[in-house]
Amino acid sequence: MDELKVGVFLSTCGNQLSKILDFDALMDFAKKIRSVVIVAKSSEYWRGEGLRTITETIRAGKINRVVVAESLPKLSEVNIVQAIEDAGLNPSLVEILDLKDHCAIPHKSTPSEAVAKAKAMILAAVEHVKLLEPVEKAEFYAVKSVLVIGGGIAGMQAAEDLADLGFAVNLVEKASFLGGLAARAGRFFPTDDCAICIQSPSSDVKTITHTSRKCVYRSGFTEIPNMKIYTNSRVTKVDGVPGNYKVTIEKKPRYVNEAKCVQCDLCTAVCPVEVPDEYNAKLNKRKAIYINVPSVYPPAYVIDDAACKFYDCAKCVQICPTGAVELNQQPEKIRINVGGIIVATGFQEYDPYVIKEYHYGDYPDVITNLQLARMIDSFGPTKGAVIRPSTKEPAKRIVMVQCVGSRDRRWNPWCSSICCMISLKHAILIKTAQPDIDITICYIDVRTTGREHEYYYEKARDLGIKFVKGRPTEILHDPEVNMLVVDVEDAILGKLLEIEADLVVLAPSLVPAEGARELSKILGIELDDDGFFKEYNAKLRPTETKMRGIFLSGGATFPKDAPTTSLHAHSAALKVSKFLSTGKIVKDKRIAIVKEEYCGDCEFCPVTCPYGAISLVQKDDEHFVAQVSDILCEGCGVCVGTCPVNAIELVNSRPDQMLVQMNALMSVKGTSKPLILAICCSECGHAAVDSCGMAMMEYPANVRVMKVPCTGILQVHQILEAFKVGAEGVMVVGCKTDGCHYEVGSEKAKRKVELTKILLREYGIEPERLEMINLVYIEGDKFAEAAKTMTEKLEKLGPLQLMKSL
Amino acid sequence: MAGMEKEELTNLQFSKEIKEHMGGETITSCYQCGTCASSCPVAKITERFNPRNVIRLALLGDRKKVLLGDAIWLCSSCYNCQERCPQEVEITDIIYVLRNISMKEGNMPNIYSEFAAGLLKEGRIVPMSKFLEKKRSDIGLPPLKPADVYSLRKILAATGFDKILQRKEEKVSL
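Asker: Looking at this model, I keep getting lost on the overall build of chain A. Mind explaining?
Answerer: When you go through chain A residue by residue, the secondary structure sums to 21 helices and 38 strands. By the burial criterion, 49% of the 806 residues in chain A qualify as buried. Intrachain contacts of chain A at a sequence separation of at least 6 include 71% that bridge at least 24 residues.

Here it is in structure tokens:
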């Protein structure tokens with residue numbers, strides 16, 4: 001290895017720091033540190049002339065390690081690191097410290113103490129940079145092809161976007177036809193247009209205008225050249241890593257040759273088997289060979305293999321004029337290779353059968369919103385007539401019940417968010433067509449938060465639809481006159497009502513699609529407490545999951561209306577495109593390294609890793625060792641904090657690298673106050689200390705700050721080590737436990753701090769000398785407050801009596 | 001809310017007080033959907049009792065109206081409302097809490113104080129009568145032994161029950 005030559009560059013931040021810090025003393029101090037060959041001072045180093053000085057020194061071969069003291073490190077770091085990389089030095093060999101916001105400003109009233117702290121900071125940075133090792137960048141191959149799971153609007157929209165952008169798209173739909181739940185809704189609010197109307201893909205030359213909008217079946221969607229559509233199919237296995245997944249799709253046989261079927265409908269006429277029609281929410285019956293509606297994709301019939309008698313009957317085979325029915329079709333296993341995956345599995349209606357007091361399933365005239373939607377649809381089982389299923393007569397008095405199973409802690413505590421609008425849509429459609437129908441909507445709160453949604457509510461009231469604020473306790477049935485009675489309190493009047501009805505329409509809560517849990521296991525991604533797919537961060541990373549390469553679109557994350565679903569789908573498509581467009585994934589190799597000779601058979605790190613990056617592999621006949629995936633590892637070090645035998649280390653955050661910093665920070669005291677080491681995570685913890693200085697808040701200079709990637713990396717003995725090297729108090733500063741940038745790190749650190757406190761007590765050290773605080777960036781005031789309180793507390797406790805056992 | 005004092009409308013202390021009692025913890029979950037009222041067999045026959053209204057007044061902090069009114073004493077404790085409440089508000093239990101608070105302050109309908117007085121006097125809520133004794137012997141049951149009034153009084157004194165009764169008597173005599 002080359003001789004270490006460290007260059008130290010101290011910025012005076014436009015001379016404002018020279019008023020507080022004695023730069024001559026600092027430079028003299030820095031010059032005396034071993035391996036330091038150059039010490040320089042300038043008004044700024046993160047741009048312009050100053051930055052050129054650094055790069056020229058590197059280019060001249062005078063230095064091979066760089067320490068820069070500059071303000072706003074998080075802003076200036078990008079510039080400095082980039083310039084240094086351009087100058088030919090590995091960017092990991094740079095240490096940037098902030099003498100302004102971490103030293104001069106917060107300690108401006110005690111300049112001599114500030115100088116001592118600055119010396120300690122410079123020493124720590126130099127000692128640390130000497131131990132850093134170059135980190136290379138790793139490049140991973142990314143397949144420019146995408147898997148979209150779910151063929152409703154969320155999946156179709158994302159698939160269309162990606163196909164337009166030139167990606168090879170594989171769209172997998174578990175049902176026999178595309179369209180999903182939305183297609184069954186008939187019409188959409190608030191525009192009242194057809195549910196099957198979508199934007200045409202730009203590859204459709206005939207419709208390539210700004211206004212192009214067409215039904216799914218004539219949109220050209222299914223003819224996009226780089227799109228492959230698998231209906232009747234499920235994803236059963238996913239292996240591989242982001243950018244390169246091996247996916248197994250199981251395709252059930254259709255038993256009808258898509259290329260031959262001409263939709264003549266002769267087969268359904270001869271089919272003797274009748275089963276409830278799932279597509280129409282079981283309002284009617286269909287044959288074993290069927291098509292949902294004439295305008296679907298693929299435009300071919302399908303045989304329901306659970307109902308069909310196959311060769312015992314085969315009447316459809318005989319009558320088919322084109323020989324399209326092929327009863328000997330076999331299930332297929334299709335293996336594809338994709339770079340990214342979009343989950344667009346949507347949501348479904350909750351089965352209100354479990355809510356016994358509403359008697360869904362007992363009384364035929366109690367139906368759900370989806371059933372009503374199928375009735376209103378002119379393609380539906382009643383050809384658009386709203387009837388009572390018990391008598392098939394028109395319904396004259398309709399009561400709609402909102403929040404059935406929603407906002408209900410016994411079933412689904414969330415608000416399903418779109419049911420109010422769905423019911424308003426139905427009521428308006430019915431009332432507009434037949435003003436004499438009496439409609440009452442029983443609600444808890446009417447939630448119409450979207451654009452133009454409130455006008456919809458207004459319209460409903462103008463049309464004479466009645467609204468009762470009250471959640472019915474029960475739906476009763478009078479068998480003599482075949483009438484339903486809804487037992488509800490008008491909570492505004494405080495009056496009990498018994499509303500007579502021919503038809504009661506429930507608005508069931510909207511829940512994750514069936515199979516979501518199974519799919520989450522196949523993909524290795526998380527669900528939230530309600531069972532929906534979990535977005536990485538609702539504000540910053542919507543449509544992303546914790547796994548690079550897997551994205552979410554539409555109702556799979558929560559019930560959404562069509563406009564929001566479209567937006568969500570566009571977002572997911574954009575994220576996939578950003579991820580795969582260059583055909584490679586570049587990532588630095590600052591990852592966890594397993595020391596195989598110490599690692600043995602425990603499962604702590606694979607279980608703890610928030611990214612599923614660690615697996616156990618067989619080493620020999622008896623032993624397993626941990627193996628870190630370099631593409632999945634995010635470099636947080638939570639595994640390091642978990643390992644009971646110190647067999648795993650994080651590159652450039654090794655214990656020895658941390659120890660030299662601790663030592664250095666404690667070596668220059670220069671204050672009468674007890675020294676405190678604040679171990680901050682590199683995210684919110686360190687940023688909170690930044691914000692403290694930016695906001696000109698003061699705290700005593702005996703508080704010295706050390707940065708770690710995540711507080712989750714800390715081990716008990718490291719915290720104890722801090723006391724050993726001279727700290728009289730230790731503050732661990734991490735993100736909020738529910739806002740940890742590495743998911744679990746803050747929580748783990750909290751527990752470790754508690755554990756260390758117990759140990760401290762054993763050693764005869766007051767546990768109050770150790771404290772964990774959880775902050776966000778804007779809570780600099782809380783950091784200053786905690787620093788002051790800790791100092792006062794330590795002054796009261798007196799000097800640390802360190803037992804020899806430590 | 002006619003008849004409510006301005007400061008009472010903002011009295012959040014009352015719901016806090018209720019939450020501190022066992023059974024009262026869930027009161028703030030109520031979102032006034034009225035399922036309880038339409039489930040209530042008492043509300044069906046009289047407008048003097050509406051469980052939703054009781055909870056509403058308690059949440060708004062109208063302590064006087066809740067504790068001195070007769071509504072809380074009209075609940076039949078059938079638990080229908082509690083079974084059906086979508087927010088799992090323990091309505092019946094909250095009404096018990098309200099009764100207890102009210103009683104500690106010396107408010108209770110006469111029928112309750114009469115029961116209580118009987119308990120202290122004879123050790124029974126329902127006093128024994130010739131009729132009941134005959135009924136027992138008709139079905140072959142032995143005559144009831146007199147209750148252990150001495151022990152009972154000791155227990156009731158230890159729990160402060162007698163003091164609650166005293167407070168009620170003082171209020172009546174005023």
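Asker: When you look at the sheet that holds strand 29 (residues 550-552) of chain A in this model, what are you seeing that I'm missing?
Answerer: Backbone-to-backbone hydrogen bonds pair the strands of a sheet. The strands run either parallel or antiparallel. All names here are of chain A. Ordered by their spatial adjacency, 5 strands build an open sheet running 10-7-6-18-29, and the pairing between neighbours is parallel. Both outer strands of the open sheet, strand 10 (227-230) and strand 29, are each paired with one neighbouring strand and no more. Between one strand axis and the next, the sheet turns through 20 degrees on average, direction left out of account. Examined bridge by bridge, strand 6 (residues 145-149) and strand 18 (residues 340-343) share 4 bridges and lie parallel to one another.

Asker: Any chance you could explain helix 6 (residues 153-164) of chain A here in plain terms?
Answerer: Structural remark: α-helix, 3.6 residues per turn; residues separated by three or four positions point the same way. Residues and elements named next belong to chain A. The terminal C-alpha atoms of helix 6 lie 16 Å apart, and with 12 residues this matches the ideal 16 Å at 1.5 Å per residue to within 8%. With respect to burial, helix 6 is a largely interior element, 11 of its 12 residues being buried. Downstream of helix 6 by a residue or two, G166 has a phi angle that is positive, lying close to 100 degrees.

Asker: Is there a simple way to explain the domain arrangement of chain B in this structure?
Answerer: Partitioning chain B into domains gives domain 1 (6-104) and domain 2 (110-173). With centres defined by C-alpha atoms, the gap from domain 1 of chain B to domain 2 of chain B works out at 29 Å.

Asker: For this particular structure, what's the right way to read the domain arrangement of chain A?
Answerer: One frequently used descriptor of interface size is the decrease in accessible area upon assembly of the parts. Splitting chain A by domain gives domain 1 (1-135), domain 2 (145-241 + 337-345 + 513-580), domain 3 (266-330), domain 4 (352-496), domain 5 (589-650) and domain 6 (653-806). Computed over C-alpha atoms, the centres of domain 4 of chain A and domain 6 of chain A are 59 Å apart.

Asker: How should I be thinking about the environment of I101 of chain B in this particular structure?
Answerer: When you line up the elements, I101 of chain B lands in helix 8 (residues 91-104). For I101 of chain B, a count of 19 C-beta atoms within 10 Å corresponds to the partly exposed category.

Asker: I keep staring at the interface of chain A and chain B and nothing clicks. Help me out?
Answerer: With 16 residues of chain A at the interface, the matching set in chain B holds 17 residues. For the side of chain A that touches chain B, the element with the most residues is strand 25 (residues 483-490) of chain A, which contributes 3 residues. In terms of residue class, the side of chain A that touches chain B is built from 5 nonpolar, 3 polar and 8 charged.

Asker: Would you take a moment to explain the pairing of strand 23 (residues 466-469) of chain A for this structure?
Answerer: Sheet faces and side chains relate simply in a regular strand, where the side chains alternate between the two faces. All names here are of chain A. Both strand 22 (residues 438-443) and strand 23 contribute to a ladder of 4 bridges, which runs parallel. Looking at strand 23, one finds that Y443 is bridged to K469. With respect to chirality, the unit in which strand 22 leads through helix 12 (residues 453-462) into the neighbouring parallel strand 23 is right-handed.

Asker: Looking at this structure, I do not really get the nonpolar core. What am I missing?
Answerer: Nonpolar side chains tend toward joint burial in soluble globular proteins. Residue and element names in this part refer to chain A. Ranked by size, the top nonpolar core spans 132 residues in total, and within it V148, I149, A158, I341, I342, V343 and V504 carry the most contacts. Residue contributions to this core peak at 8 residues, all from helix 11 (residues 419-433). Among the nonpolar cores identified, the runner-up in size contains 119 residues, and V67, L123, A125 and M666 belong to it.

Asker: Quick question: what am I supposed to make of the packing of helix 19 (residues 716-724) of chain A against helix 20 (residues 745-762) of chain A here?
Answerer: To characterise two packed helices, one gives the angle between the axes of the helices and the distance between these axes. All names here are of chain A. Direction vectors running N to C along helix 19 and helix 20 enclose 55 degrees, while the axes themselves pass 9 Å from each other. Judged by the inter-axis angle, helix 19 sits oblique to helix 20. Relative to helix 20, helix 19 is oriented so that their crossing is right-handed. On helix 20, the residues touching V716, I719 and L720 of helix 19 are K752, L755, T756 and L759. Here the contact of helix 19 with helix 20 is built from residues that sort into 5 nonpolar, 1 polar and 1 charged.

Asker: I would appreciate a short explanation of the sheet that holds strand 20 (residues 366-368) of chain A in the present structure.
Answerer: All names here are of chain A. Pairing is parallel in the open sheet, where 5 strands are placed in the order 20-27-21-22-23. At either end of the open sheet lies a strand with only one pairing partner, and these are strand 20 and strand 23. Direction aside, neighbouring strands of the sheet carry axes that sit 25 degrees apart on average. The sheet contact formed by strand 21 (residues 397-404) and strand 22 spans 5 bridges and is parallel. Across the sheet, I398 pairs through a bridge with I439, a residue of strand 22. Contacts from helix 10 (residues 369-376) reach strand 20 and strand 27 (503-508) within the one sheet, and its direction differs from that of strand 20 by about 85 degrees.

Asker: Please clarify how the packing of helix 18 (residues 684-694) of chain A against helix 21 (residues 780-797) of chain A should be interpreted in this entry.
Answerer: Residues and elements named next belong to chain A. The N-to-C vectors of helix 18 and helix 21 enclose an angle of 90 degrees; their axes lie 7 Å apart at closest approach. When the axis of helix 18 is compared with that of helix 21, the two are roughly perpendicular. In this structure, helix 18 contributes A688, V689, S691 and C692 to the contact, and helix 21 contributes G780, F783 and A784. Split by residue class, the contact of helix 18 with helix 21 holds 5 nonpolar, 2 polar and no charged.

Asker: How should unusual backbone geometry be read in this particular structure?
Answerer: Both trends apply: most residues other than glycine have a negative phi, and most peptide bonds are in trans. Residues and elements named next belong to chain A. With an omega dihedral of -10 degrees, the bond running from F189 to P190 counts as a cis peptide bond. Position of P190 relative to the elements: it lies in the loop between helix 7 (180-184) and strand 8 (197-199). A positive phi is found at S35, a non-glycine position, where the angle reads about 75 degrees. Looking at the element boundaries, S35 is found in the loop between helix 1 (23-31) and strand 2 (36-42).

Thresholds applied
- Residues numbered from 1 in each chain as written.
- Chains lettered and ligands numbered in written order.
- Predicted model: local features only at pLDDT ≥ 70, side-chain atom pairs only at ≥ 80, totals over all residues.
- Helix = DSSP H or I, 4+ residues; strand = E, 2+ residues; numbered from the N terminus.
- Buried ≥ 20, exposed ≤ 12 C-beta atoms within 10 Å, placed from the backbone.
- Contact = placed C-beta atoms within 7 Å.
- Pairing = 2+ DSSP bridges.
- Axes fitted to C-alpha atoms, helices over the stretch in contact; angles between N-to-C directions.
- Expected span 1.5 Å × (residues − 1).
- Domains from an automatic or database assignment.
- Nonpolar A, V, L, I, M, F, W, Y, C, P; charged D, E, K, R; others polar.
- Right-handed = clockwise from strand over helix to strand, strands pointing away.
- Core = buried A, V, L, I, M, F, W, Y, C linked by C-beta atoms within 7 Å.
- Parallel < 35°, antiparallel > 145°, perpendicular 65-115°, else oblique.
- Left-handed = near helix turned anticlockwise from the far one by under 90°.

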